[in-house]
Amino acid sequence: PVSVGPAARRPTRGVTVRWGDKAVRVGGGAPVVVQSMTNTDTADAVATAIQVKELALAGSELVRITVNTPEAAREVPAIREQLDRMGVSVPLVGDFHYNGHKLLSQFPECAQALSKYRINPGNMGGGKKRDDNFAQMIEIAARYQKPVRIGVNWGSLDHELMARMMDENSRRTQPWTAQAVMRDALVVSAISNARRAEQLGLPGDAIVLSCKVSHVQDLIAVYRDLASRCDYPAHLGLTEAGMGSKGIVASTAALAVLLQEGIGDTIRISLTPEPGGDRTREVVVAQEILQTMGLRAFTPMVVACPGCGRTSSTVFQELADSIQSYLRRQMPVWKTRYPGVETMNVAVMGCVVNGPGESRHADIGISLPGTGEVPSAPVYIDGERTVTLKGDHIASEFQAIVENYVER
Ligand code: SF4
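Worth saying up front: this structure is predicted, and the values here are computed from it rather than measured.

Caption draft 1: Spatial organisation of the environment of M86. Among the secondary structure elements, M86 is positioned in the loop between α2 (70–85) and β5 (92–96). Of the residues examined, M86 reaches a relative accessible area of 36% and is grouped as partly exposed. M86 sits 33 residues away from K53 along the chain, and the two C-alpha atoms are 8.4 Å apart. Leaving out residues up to four positions away in the same chain, M86 has contacts with A49 and K53.

Structural data, given as C-alpha coordinates:
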(Lines give C-alpha, C1' and ligand atoms only; values in the text may rest on other atoms or scores of the structure.)
Protein backbone atom coordinates (compact mmCIF):
# COMPACT_ATOMS: atom_id res chain seq x y z
CA PRO A 1 0.00 0.00 0.00
CA VAL A 2 0.99 3.62 -0.54
CA SER A 3 2.33 5.10 2.70
CA VAL A 4 0.22 7.82 4.30
CA GLY A 5 1.34 10.56 6.65
CA PRO A 6 4.25 12.89 7.16
CA ALA A 7 7.86 11.74 7.16
CA ALA A 8 9.44 11.08 10.55
CA ARG A 9 10.21 14.34 12.31
CA ARG A 10 13.74 15.63 11.84
CA PRO A 11 15.66 14.94 15.08
CA THR A 12 16.40 18.25 16.81
CA ARG A 13 17.64 19.39 20.18
CA GLY A 14 14.81 20.06 22.60
CA VAL A 15 14.51 23.63 23.89
CA THR A 16 12.35 24.34 26.95
CA VAL A 17 10.63 27.71 27.27
CA ARG A 18 9.46 28.27 30.84
CA TRP A 19 7.31 30.52 32.91
CA GLY A 20 6.76 29.35 36.47
CA ASP A 21 5.47 25.80 36.34
CA LYS A 22 4.63 26.11 32.67
CA ALA A 23 7.17 24.52 30.32
CA VAL A 24 6.73 24.52 26.56
CA ARG A 25 9.06 22.17 24.74
CA VAL A 26 10.18 23.14 21.23
CA GLY A 27 11.93 20.42 19.23
CA GLY A 28 13.41 17.22 20.62
CA GLY A 29 10.41 15.26 19.32
CA ALA A 30 7.79 17.45 21.07
CA PRO A 31 4.56 18.22 19.20
CA VAL A 32 4.87 21.20 16.84
CA VAL A 33 4.22 24.33 18.95
CA VAL A 34 1.76 27.04 17.86
CA GLN A 35 2.87 30.58 18.52
CA SER A 36 1.71 34.07 17.63
CA MET A 37 2.57 37.72 18.13
CA THR A 38 0.70 40.71 19.48
CA ASN A 39 0.21 43.91 17.48
CA THR A 40 -0.49 46.22 20.40
CA ASP A 41 1.91 48.88 21.64
CA THR A 42 3.81 47.03 24.38
CA ALA A 43 4.07 50.30 26.30
CA ASP A 44 0.30 49.93 26.73
CA ALA A 45 0.47 47.13 29.28
CA VAL A 46 -3.28 46.68 29.67
CA ALA A 47 -4.01 46.39 25.94
CA THR A 48 -1.05 44.04 25.46
CA ALA A 49 -1.99 41.80 28.40
CA ILE A 50 -5.55 41.57 27.05
CA GLN A 51 -4.35 40.58 23.60
CA VAL A 52 -1.85 38.06 24.96
CA LYS A 53 -4.69 36.51 26.95
CA GLU A 54 -6.91 36.34 23.84
CA LEU A 55 -4.14 34.69 21.84
CA ALA A 56 -3.39 32.23 24.65
CA LEU A 57 -7.08 31.32 25.04
CA ALA A 58 -7.28 30.77 21.28
CA GLY A 59 -4.48 28.22 21.65
CA SER A 60 -1.21 30.10 21.21
CA GLU A 61 1.35 28.21 23.28
CA LEU A 62 3.94 31.00 23.13
CA VAL A 63 3.19 34.68 22.56
CA ARG A 64 5.76 37.16 21.27
CA ILE A 65 5.61 40.83 22.08
CA THR A 66 7.59 43.68 20.55
CA VAL A 67 10.15 45.22 22.91
CA ASN A 68 11.36 48.21 20.97
CA THR A 69 11.62 51.17 23.36
CA PRO A 70 12.48 51.86 27.01
CA GLU A 71 8.75 52.50 27.60
CA ALA A 72 7.93 49.06 26.23
CA ALA A 73 10.71 47.32 28.18
CA ARG A 74 9.56 49.05 31.39
CA GLU A 75 6.02 47.64 30.95
CA VAL A 76 6.98 44.01 30.28
CA PRO A 77 7.02 43.04 34.00
CA ALA A 78 3.61 44.71 34.42
CA ILE A 79 2.23 42.71 31.47
CA ARG A 80 3.60 39.52 33.01
CA GLU A 81 2.07 40.37 36.38
CA GLN A 82 -1.34 41.05 34.87
CA LEU A 83 -1.25 37.75 33.01
CA ASP A 84 -0.23 35.88 36.15
CA ARG A 85 -3.08 37.53 38.07
CA MET A 86 -5.51 36.41 35.33
CA GLY A 87 -4.12 32.87 35.52
CA VAL A 88 -2.59 33.07 32.03
CA SER A 89 0.73 31.26 32.20
CA VAL A 90 1.67 31.43 28.52
CA PRO A 91 5.42 32.18 28.19
CA LEU A 92 6.23 35.58 26.68
CA VAL A 93 8.88 35.99 24.01
CA GLY A 94 10.52 39.41 23.60
CA ASP A 95 11.08 40.54 20.02
CA PHE A 96 14.22 42.69 19.83
CA HIS A 97 15.75 44.65 16.97
CA TYR A 98 18.50 47.31 16.95
CA ASN A 99 18.55 48.09 20.68
CA GLY A 100 17.87 44.76 22.41
CA HIS A 101 21.30 44.74 24.06
CA LYS A 102 20.59 48.12 25.67
CA LEU A 103 17.02 47.35 26.70
CA LEU A 104 17.87 43.99 28.25
CA SER A 105 20.78 45.43 30.24
CA GLN A 106 18.95 48.60 31.31
CA PHE A 107 15.76 46.77 32.31
CA PRO A 108 16.76 43.57 34.14
CA GLU A 109 13.16 43.02 35.29
CA CYS A 110 12.14 42.90 31.64
CA ALA A 111 14.93 40.41 30.93
CA GLN A 112 13.63 38.27 33.78
CA ALA A 113 9.91 38.53 32.96
CA LEU A 114 10.42 37.30 29.40
CA SER A 115 10.76 33.56 28.83
CA LYS A 116 12.69 33.75 25.57
CA TYR A 117 14.37 36.40 23.44
CA ARG A 118 14.18 36.77 19.68
CA ILE A 119 17.44 38.16 18.31
CA ASN A 120 17.91 39.32 14.73
CA PRO A 121 21.65 39.39 14.02
CA GLY A 122 21.02 41.29 10.78
CA ASN A 123 20.15 44.56 12.43
CA MET A 124 22.52 44.96 15.35
CA GLY A 125 24.93 47.31 13.62
CA GLY A 126 28.05 46.33 11.72
CA GLY A 127 31.56 45.04 12.40
CA LYS A 128 32.78 45.01 15.99
CA LYS A 129 29.72 46.90 17.22
CA ARG A 130 27.47 44.17 15.88
CA ASP A 131 29.61 41.43 17.48
CA ASP A 132 29.61 43.24 20.84
CA ASN A 133 25.86 43.86 20.80
CA PHE A 134 25.18 40.23 19.92
CA ALA A 135 27.55 39.04 22.66
CA GLN A 136 25.84 41.31 25.19
CA MET A 137 22.40 39.84 24.41
CA ILE A 138 23.67 36.27 24.52
CA GLU A 139 25.43 36.87 27.85
CA ILE A 140 22.19 38.23 29.32
CA ALA A 141 20.25 35.23 27.98
CA ALA A 142 22.82 32.86 29.53
CA ARG A 143 22.76 34.77 32.85
CA TYR A 144 18.95 34.62 33.11
CA GLN A 145 18.84 31.09 31.62
CA LYS A 146 16.56 32.16 28.78
CA PRO A 147 16.50 30.42 25.42
CA VAL A 148 16.79 32.56 22.31
CA ARG A 149 15.57 32.39 18.77
CA ILE A 150 18.16 33.56 16.33
CA GLY A 151 15.81 34.82 13.68
CA VAL A 152 17.30 35.93 10.40
CA ASN A 153 15.10 37.54 7.86
CA TRP A 154 15.27 38.15 4.13
CA GLY A 155 14.42 41.81 4.70
CA SER A 156 17.17 42.45 7.25
CA LEU A 157 19.97 40.11 6.24
CA ASP A 158 23.46 40.89 7.56
CA HIS A 159 24.86 43.23 4.83
CA GLU A 160 28.50 42.41 5.51
CA LEU A 161 27.91 38.67 5.29
CA MET A 162 25.90 39.10 2.11
CA ALA A 163 28.58 41.28 0.51
CA ARG A 164 31.28 38.75 1.40
CA MET A 165 29.27 35.83 0.02
CA MET A 166 28.46 37.72 -3.18
CA ASP A 167 32.15 38.44 -3.58
CA GLU A 168 33.02 34.76 -3.09
CA ASN A 169 30.29 33.83 -5.55
CA SER A 170 31.78 36.08 -8.21
CA ARG A 171 34.94 33.96 -8.07
CA ARG A 172 33.06 30.69 -8.68
CA THR A 173 33.56 29.09 -12.07
CA GLN A 174 29.82 28.92 -12.40
CA PRO A 175 28.41 31.65 -10.16
CA TRP A 176 25.09 31.05 -8.41
CA THR A 177 22.17 33.42 -8.94
CA ALA A 178 21.94 36.32 -6.50
CA GLN A 179 18.77 34.70 -5.12
CA ALA A 180 20.62 31.44 -4.42
CA VAL A 181 23.43 33.30 -2.67
CA MET A 182 20.87 35.13 -0.56
CA ARG A 183 19.20 31.87 0.45
CA ASP A 184 22.59 30.43 1.38
CA ALA A 185 23.46 33.59 3.31
CA LEU A 186 20.30 33.27 5.42
CA VAL A 187 21.24 29.75 6.47
CA VAL A 188 24.92 30.62 7.02
CA SER A 189 23.93 33.64 9.12
CA ALA A 190 21.56 31.61 11.33
CA ILE A 191 23.94 28.71 11.91
CA SER A 192 27.11 30.77 12.37
CA ASN A 193 25.39 33.02 14.91
CA ALA A 194 24.08 29.97 16.74
CA ARG A 195 27.58 28.51 16.94
CA ARG A 196 28.89 31.84 18.19
CA ALA A 197 26.16 31.99 20.83
CA GLU A 198 27.29 28.57 22.05
CA GLN A 199 30.91 29.78 22.18
CA LEU A 200 29.70 32.74 24.24
CA GLY A 201 28.23 30.37 26.82
CA LEU A 202 24.61 29.80 25.76
CA PRO A 203 23.79 26.07 25.92
CA GLY A 204 23.13 24.44 22.57
CA ASP A 205 19.71 23.34 23.79
CA ALA A 206 18.66 26.96 24.33
CA ILE A 207 18.74 27.97 20.67
CA VAL A 208 15.94 27.92 18.09
CA LEU A 209 16.57 29.10 14.52
CA SER A 210 14.44 30.76 11.89
CA CYS A 211 15.22 31.94 8.36
CA LYS A 212 12.16 33.77 7.15
CA VAL A 213 11.45 34.87 3.61
CA SER A 214 8.25 35.98 1.92
CA HIS A 215 8.15 33.65 -1.10
CA VAL A 216 6.94 30.09 -0.80
CA GLN A 217 9.55 28.31 -2.94
CA ASP A 218 12.42 30.24 -1.34
CA LEU A 219 11.16 29.39 2.12
CA ILE A 220 10.94 25.69 1.33
CA ALA A 221 14.46 25.69 -0.15
CA VAL A 222 15.94 27.65 2.77
CA TYR A 223 14.45 25.43 5.49
CA ARG A 224 15.38 22.21 3.69
CA ASP A 225 18.94 23.50 3.58
CA LEU A 226 18.86 24.63 7.21
CA ALA A 227 17.50 21.25 8.33
CA SER A 228 20.25 19.39 6.46
CA ARG A 229 23.00 21.47 8.06
CA CYS A 230 22.17 21.59 11.79
CA ASP A 231 19.98 20.08 14.50
CA TYR A 232 18.73 23.27 16.16
CA PRO A 233 14.93 23.30 16.30
CA ALA A 234 13.31 25.28 13.49
CA HIS A 235 10.72 28.02 13.89
CA LEU A 236 8.75 28.06 10.63
CA GLY A 237 6.92 31.02 9.22
CA LEU A 238 6.44 32.76 5.93
CA THR A 239 7.20 36.37 6.72
CA GLU A 240 4.96 39.11 5.36
CA ALA A 241 2.57 36.41 4.12
CA GLY A 242 -0.08 39.01 3.38
CA MET A 243 -3.76 39.58 3.93
CA GLY A 244 -6.79 37.33 3.88
CA SER A 245 -6.83 34.24 1.72
CA LYS A 246 -3.47 35.06 0.10
CA GLY A 247 -1.68 35.04 3.45
CA ILE A 248 -3.39 31.84 4.55
CA VAL A 249 -2.81 30.01 1.28
CA ALA A 250 0.84 31.08 0.94
CA SER A 251 1.64 30.14 4.55
CA THR A 252 -0.13 26.81 4.25
CA ALA A 253 1.52 25.96 0.94
CA ALA A 254 5.00 26.60 2.33
CA LEU A 255 4.60 25.14 5.79
CA ALA A 256 2.70 22.03 4.67
CA VAL A 257 5.54 20.94 2.39
CA LEU A 258 8.13 21.37 5.16
CA LEU A 259 6.01 19.78 7.88
CA GLN A 260 5.31 16.84 5.58
CA GLU A 261 9.07 16.35 5.30
CA GLY A 262 9.42 16.36 9.11
CA ILE A 263 10.88 19.87 9.22
CA GLY A 264 9.56 22.41 11.73
CA ASP A 265 9.26 22.46 15.52
CA THR A 266 7.15 25.57 16.04
CA ILE A 267 5.07 27.62 13.61
CA ARG A 268 3.74 31.14 13.41
CA ILE A 269 1.33 32.30 10.71
CA SER A 270 2.07 35.96 9.94
CA LEU A 271 -1.23 37.31 8.65
CA THR A 272 -1.80 40.99 8.02
CA PRO A 273 -5.02 41.59 9.92
CA GLU A 274 -7.99 43.11 8.11
CA PRO A 275 -8.85 46.52 9.59
CA GLY A 276 -10.50 45.74 12.91
CA GLY A 277 -9.80 42.05 12.27
CA ASP A 278 -9.34 39.42 14.91
CA ARG A 279 -5.68 38.75 15.78
CA THR A 280 -6.52 35.23 16.96
CA ARG A 281 -7.11 34.24 13.33
CA GLU A 282 -3.42 33.44 12.95
CA VAL A 283 -3.66 30.97 15.84
CA VAL A 284 -6.71 29.27 14.35
CA VAL A 285 -4.97 28.95 10.96
CA ALA A 286 -1.83 27.52 12.56
CA GLN A 287 -3.89 24.96 14.46
CA GLU A 288 -5.88 24.04 11.37
CA ILE A 289 -2.72 23.46 9.33
CA LEU A 290 -1.36 21.11 11.98
CA GLN A 291 -4.66 19.34 12.54
CA THR A 292 -5.61 18.86 8.90
CA MET A 293 -2.14 17.37 8.32
CA GLY A 294 -2.69 14.94 11.19
CA LEU A 295 0.20 16.35 13.23
CA ARG A 296 -1.83 17.57 16.18
CA ALA A 297 -5.44 17.81 17.30
CA PHE A 298 -6.94 20.92 18.89
CA THR A 299 -10.68 20.89 18.26
CA PRO A 300 -13.19 18.49 16.67
CA MET A 301 -13.00 18.90 12.91
CA VAL A 302 -16.09 19.57 10.85
CA VAL A 303 -16.27 17.97 7.42
CA ALA A 304 -18.70 20.03 5.37
CA CYS A 305 -19.44 19.78 1.68
CA PRO A 306 -19.09 22.98 -0.36
CA GLY A 307 -22.77 23.05 -1.22
CA CYS A 308 -24.02 23.38 -4.80
CA GLY A 309 -27.26 23.90 -6.70
CA ARG A 310 -28.84 21.28 -4.49
CA THR A 311 -28.41 23.50 -1.41
CA SER A 312 -29.91 26.80 -2.46
CA SER A 313 -31.49 27.35 0.96
CA THR A 314 -29.30 28.83 3.72
CA VAL A 315 -30.18 26.06 6.19
CA PHE A 316 -27.09 24.06 5.25
CA GLN A 317 -24.59 26.96 5.50
CA GLU A 318 -26.06 28.14 8.80
CA LEU A 319 -25.93 24.64 10.25
CA ALA A 320 -22.29 24.07 9.22
CA ASP A 321 -21.24 27.47 10.55
CA SER A 322 -23.11 27.13 13.83
CA ILE A 323 -21.70 23.65 14.53
CA GLN A 324 -18.12 24.73 13.77
CA SER A 325 -18.43 27.78 16.06
CA TYR A 326 -20.17 25.76 18.75
CA LEU A 327 -17.43 23.11 18.84
CA ARG A 328 -14.67 25.74 19.07
CA ARG A 329 -16.52 27.58 21.87
CA GLN A 330 -16.86 24.38 23.90
CA MET A 331 -13.20 23.42 23.69
CA PRO A 332 -11.78 25.31 26.70
CA VAL A 333 -14.13 23.28 28.95
CA TRP A 334 -14.34 20.09 26.89
CA LYS A 335 -10.61 19.57 26.57
CA THR A 336 -10.19 19.34 30.34
CA ARG A 337 -13.41 17.41 30.88
CA TYR A 338 -13.29 14.99 27.94
CA PRO A 339 -9.68 14.14 27.03
CA GLY A 340 -9.42 13.10 23.38
CA VAL A 341 -12.52 15.01 22.27
CA GLU A 342 -10.35 17.08 19.95
CA THR A 343 -9.87 14.09 17.66
CA MET A 344 -13.61 13.77 16.99
CA ASN A 345 -14.89 14.20 13.42
CA VAL A 346 -18.24 15.79 12.68
CA ALA A 347 -19.83 15.83 9.22
CA VAL A 348 -22.36 18.42 8.08
CA MET A 349 -23.50 17.57 4.57
CA GLY A 350 -25.83 19.26 2.14
CA CYS A 351 -27.68 16.42 0.40
CA VAL A 352 -28.03 12.72 -0.23
CA VAL A 353 -25.33 12.56 -2.93
CA ASN A 354 -22.41 12.38 -0.51
CA GLY A 355 -24.19 13.17 2.75
CA PRO A 356 -24.96 9.70 4.10
CA GLY A 357 -21.52 8.37 3.08
CA GLU A 358 -19.52 11.18 4.71
CA SER A 359 -21.78 11.15 7.76
CA ARG A 360 -21.18 7.43 8.24
CA HIS A 361 -17.40 7.95 8.03
CA ALA A 362 -17.54 10.64 10.74
CA ASP A 363 -18.03 9.99 14.46
CA ILE A 364 -21.25 11.95 14.20
CA GLY A 365 -22.83 13.44 11.10
CA ILE A 366 -25.93 15.02 9.70
CA SER A 367 -27.10 14.98 6.11
CA LEU A 368 -29.58 17.58 4.93
CA PRO A 369 -31.99 16.70 2.14
CA GLY A 370 -30.95 19.29 -0.45
CA THR A 371 -33.01 22.02 -2.04
CA GLY A 372 -36.75 22.20 -2.42
CA GLU A 373 -37.50 19.75 0.32
CA VAL A 374 -38.85 20.21 3.80
CA PRO A 375 -35.78 20.20 6.10
CA SER A 376 -35.52 16.65 7.30
CA ALA A 377 -32.06 15.46 8.21
CA PRO A 378 -30.94 12.00 9.31
CA VAL A 379 -28.22 11.91 11.98
CA TYR A 380 -25.51 9.24 11.93
CA ILE A 381 -23.64 8.22 15.07
CA ASP A 382 -20.63 5.92 14.85
CA GLY A 383 -21.67 4.94 11.35
CA GLU A 384 -25.29 4.09 12.20
CA ARG A 385 -28.33 6.09 11.15
CA THR A 386 -30.20 7.14 14.29
CA VAL A 387 -32.82 9.89 14.53
CA THR A 388 -34.10 12.17 11.77
CA LEU A 389 -34.37 15.86 12.67
CA LYS A 390 -37.14 17.96 11.16
CA GLY A 391 -38.40 21.52 11.30
CA ASP A 392 -36.85 24.85 12.22
CA HIS A 393 -34.67 23.76 15.14
CA ILE A 394 -32.36 21.30 13.45
CA ALA A 395 -29.20 23.24 14.44
CA SER A 396 -29.96 23.40 18.16
CA GLU A 397 -31.20 19.80 18.23
CA PHE A 398 -28.08 18.57 16.45
CA GLN A 399 -25.91 20.54 18.91
CA ALA A 400 -27.67 18.78 21.78
CA ILE A 401 -27.04 15.39 20.15
CA VAL A 402 -23.34 16.28 19.68
CA GLU A 403 -23.07 17.36 23.32
CA ASN A 404 -24.74 14.17 24.47
CA TYR A 405 -22.39 12.12 22.27
CA VAL A 406 -19.34 13.89 23.73
CA GLU A 407 -20.54 13.30 27.27
CA ARG A 408 -21.11 9.62 26.57
FE1 SF4 B 1 -23.89 19.35 -3.50
FE2 SF4 B 1 -24.90 17.31 -2.16
FE3 SF4 B 1 -22.32 17.24 -2.93
FE4 SF4 B 1 -23.06 18.87 -0.96
S5 SF4 B 1 -23.17 16.59 -0.92
S6 SF4 B 1 -21.79 19.42 -2.71
S7 SF4 B 1 -25.13 19.45 -1.63
S8 SF4 B 1 -24.12 17.25 -4.26
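Caption draft 2: Expanded view of the sheet that holds β5. Spatial ordering of the open sheet is given by β8-β7-β6-β5-β4-β3-β11-β9, a layout of eight strands whose pairing is parallel. Sheet topology places β8 (207–212) and β9 (235–236) at the edges, where each strand pairs with a single neighbour. Here two bridges tie β9 to strand β11 (residues 266–267), and the two strands are oriented parallel to one another. Note that in β11 the partner of L236 across the bridge is I267. Against the sheet, helix α7 (residues 178–199) makes contact with β7 (148–153) and β8, and its axis sits at roughly 160° relative to β8, the strand it touches most.

Caption draft 3: Quick look at the UniProt feature "domain: IspG TIM-barrel" (unreviewed entry) in the chain. Mapped onto the present numbering, the UniProt feature "domain: IspG TIM-barrel" (unreviewed entry) falls at residues 23–286. Helix makes up 50% of residues 23–286 and strand 16%. Its end C-alpha atoms lie 20 Å apart.

Criteria and thresholds
Residues numbered from 1 in each chain as written. Predicted model: local features only at pLDDT ≥ 70, side-chain atom pairs only at ≥ 80, totals over all residues. Heavy atoms only, no water. Helix = DSSP H or I, 4+ residues; strand = E, 2+ residues; numbered from the N terminus. Buried < 20%, exposed > 50% of the residue type's maximum accessible area, 1.4 Å probe, protein only. Contact = heavy atoms within 4.5 Å. Pairing = 2+ DSSP bridges. Axes fitted to C-alpha atoms, helices over the stretch in contact; angles between N-to-C directions. UniProt positions renumbered as here; feature names shortened; annotations may be inferred.

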